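Each chain is listed here by its residues.
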Amino acid sequence: GRLVVLVSGSGTNLQALLDASADPSYGARVVAVGADRDGIEGLARASRAGVPTFVRNLRDYPNREDWDAAIAAEIAAHKPDLVISAGFMKILGAPTLDSFPVVNTHPALLPSFPGAHGVRDALAYGVQVTGCTVMLADAGVDTGPIIAQEAVRVLPGDDESELHERIKTVERRLLVDTVGRMVREGWTVSGRVVRIGNNIG
Ligand code: GRF
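The shown structure was predicted, so the numbers you read here are calculated from the model rather than taken from an experiment.

## Overview of the UniProt feature "site: Raises pKa of active site His" (unreviewed entry) in the protein
Move 1: Summarizing the sequence annotation, UniProt attributes the feature "site: Raises pKa of active site His" (unreviewed entry) to Asp 142 in the numbering used throughout.
Move 2: Structurally, Asp 142 can be placed in the loop between β6 (129-136) and β7 (146-153).
Move 3: In this structure Asp 142 touches Asn 104, His 106, Leu 110, Pro 114, Gly 115 and Met 135, once residues within four positions along its chain are discounted.
Move 4: Reaching out from Asp 142, the side chain makes a polar contact with the side chain of His 106 at a distance of 3.3 Å.

Given below as structure tokens:
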């Protein structure tokens, strides 16, 4: 399966997908990496792996609709089977969401702690267990149907970055495993339920 991965930062989730796809039995490969900004490690990771990259920066467009259309057109040019939003910090609009399935990953157990500060919010709330969620993106913020989740314990004295790193260790594995199963075994979604495998189709 052809994956287009969207990043906005360090791209360690992207790196995990690049590493996994080096094994032909994984069944998917990253055909392009897109970002909403220049100068991020995620783009460097793609270049080091010889994967084409593109940047569509909102500030280069007169309005959001034009940006939505531009990023959807760029993604379409790479003919993805799945778009993976891994630490991509923009809400994707209808031109993208209506054209491709988008898998998103979030460092909290949704529906708890959605949005850009899920780790910080979980820590501030004082939860003892948080985790990560792999879901299908919809038009909302972290509101799409859940595909996979895994719990991560909060340790006494954790600060945001320590907790986020512990979550990301699990998140990278969950994302790689889930995406691999989706492309190898097929998947369907009906309502809020995503089903993978069992000879679907
Ligand atoms: C991940 O935890 C992702 O869920 C969150 O930001 C982090 C991005 O990490 N939105 P990376 O860029 O993949 O290293």
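## Observations concerning the packing of helix α5 (residues 118-125) against helix α6 (residues 160-185)
Helix packing for two helices is described by the angle between their axes and how far apart those axes are.
Move 1: Here α5 crosses α6 at 115 degrees, and the two axes come no closer than 9 Å. Here the hand of the crossing between α5 and α6 comes out right-handed. Contacts from Val 119, Arg 120 and Leu 123 of α5 reach α6 at Glu 160, Leu 163, His 164 and Ile 167.

## Regarding the site of the ligand
Move 1: Close to the ligand lie Ser 10, Gly 11, Thr 12, Asn 13, Gly 87, Thr 105, His 106, Pro 107, His 164, Lys 168 and Glu 171.
Move 2: Within the backbone of Thr 105, one N or O atom sits 3.2 Å away from an oxygen atom of the ligand.
Move 3: His 164 is positioned with one of its side-chain polar atoms (N or O) 2.8 Å from an oxygen atom of the ligand.
Move 4: A total of 370 Å² of accessible area belongs to the ligand in isolation, and the protein chains cover 88% of it.
Move 5: Counting atoms within 2 Å of the grid points, the majority share of the ligand lands in the largest pocket.
Move 6: At the level of elements, α1 (12-21), β5 (102-106) and α6 are the ones that each hand at least two residues to the shell around the ligand.
Move 7: Per-element tally for the shell around the ligand: the top contributor is α6, with three residues.
Move 8: Looking at side-chain class alone, the shell around the ligand contains one nonpolar, eight polar and two charged residues.

## Looking at the pattern of salt bridges
Move 1: Per the stated rule, a full pass over the model turns up eight salt bridges.
Move 2: Among the ionic pairs, Arg 48 bridges to Glu 41, the shortest N-O distance being 2.6 Å.
Move 3: Given the relative accessible area of 35%, Glu 41 is considered partly exposed.
Move 4: Ionic pairing is found between Arg 173 and Glu 150, a salt bridge with its closest N-O pair at 2.8 Å. Of this pair, Arg 173 sits in helix α6 while Glu 150 sits in strand β7, placing them 23 residues apart in sequence.
Move 5: On the accessibility criterion, Glu 150 (26% relative accessible area) is partly exposed.
Move 6: Through salt bridges that share partners, Asp 36, Arg 37 and Lys 90 make up one connected network.

## Let's talk about the nonpolar core
Move 1: The biggest cluster of nonpolar side chains holds 43 residues, and the ones touching the most others in it are Leu 17, Val 30, Ile 84, Val 103 and Val 179.
Move 2: Counting residues per element, this core draws most heavily on α6, at eight residues.
Move 3: With residues near it in sequence (within four places) discarded, Leu 17 still touches Val 5, Tyr 26, Val 30, Ile 84, Leu 175, Val 176 and Val 179.
Move 4: Counting residues in each nonpolar core, the second largest holds 14 residues, with Leu 6, Ala 32, Phe 54 and Phe 88 among its members.

## Quick look at the sheet that holds strand β3 (residues 53-55)
Move 1: A sheet is described by the order of its strands in space; here seven strands give the open sequence β3-β2-β1-β4-β5-β6-β7, paired in mixed fashion. A strand with exactly one partner marks an edge of an open sheet, and here the two such strands are β3 and β7. The average undirected angle you get between the axes of adjacent strands in this sheet is 20 degrees.
Move 2: Here three bridges tie strand β4 (residues 82-85) to β5, and the two strands are oriented parallel to one another. Within the sheet, the bridge partner assigned to Ile 84 lies in β5 and is Val 103.
Move 3: Strands β1 (2-7), β2 (29-35) and β3 of the sheet are contacted by helix α2 (residues 41-48), whose axis makes an angle of about 155 degrees with β3.

## Topic: the packing of aromatic side chains
Move 1: Under the defined criterion, the tally for this structure stands at two aromatic pairs.
Move 2: Geometrically, the ring pair formed by Trp 67 and Phe 88 is stacked, given 6.5 Å between the ring centres and 10 degrees between the ring planes. Placement of Trp 67 in helix α3 (residues 64-77) and of Phe 88 in the loop between β4 and α4 (94-97) is noted, with a sequence separation of 21 residues between them.

Scoring rules and cut-offs
- Residues numbered from 1 in each chain as written.
- Predicted model: local features only at pLDDT ≥ 70, side-chain atom pairs only at ≥ 80, totals over all residues.
- Heavy atoms only, no water.
- UniProt positions renumbered as here; feature names shortened; annotations may be inferred.
- Helix = DSSP H or I, 4+ residues; strand = E, 2+ residues; numbered from the N terminus.
- Contact = heavy atoms within 4.5 Å.
- Polar contact = N/O pair within 3.5 Å; in protein donor to acceptor, adjacent residues only side chain to side chain.
- Axes fitted to C-alpha atoms, helices over the stretch in contact; angles between N-to-C directions.
- Left-handed = near helix turned anticlockwise from the far one by under 90°.
- Near = heavy atom within 4 Å.
- Areas by Shrake-Rupley, 256 points an atom, 1.4 Å probe, with all protein chains shown as cover.
- 1 Å grid on protein atoms, 1.4 Å probe; cavity = no way out; pocket = protein on both sides within 12 Å on 5 of 7 lines; lining within 4 Å.
- Sits in = over half its atoms within 2 Å of the grid points.
- Nonpolar A, V, L, I, M, F, W, Y, C, P; charged D, E, K, R; others polar.
- Salt bridge = Lys/Arg side-chain N within 4 Å of Asp/Glu carboxyl O.
- Buried < 20%, exposed > 50% of the residue type's maximum accessible area, 1.4 Å probe, protein only.
- Core = buried A, V, L, I, M, F, W, Y, C linked by side-chain atoms within 4.5 Å.
- Pairing = 2+ DSSP bridges.
- Phe/Tyr/Trp six-rings, centres within 6.5 Å; stacked < 30°, edge-to-face > 60°.

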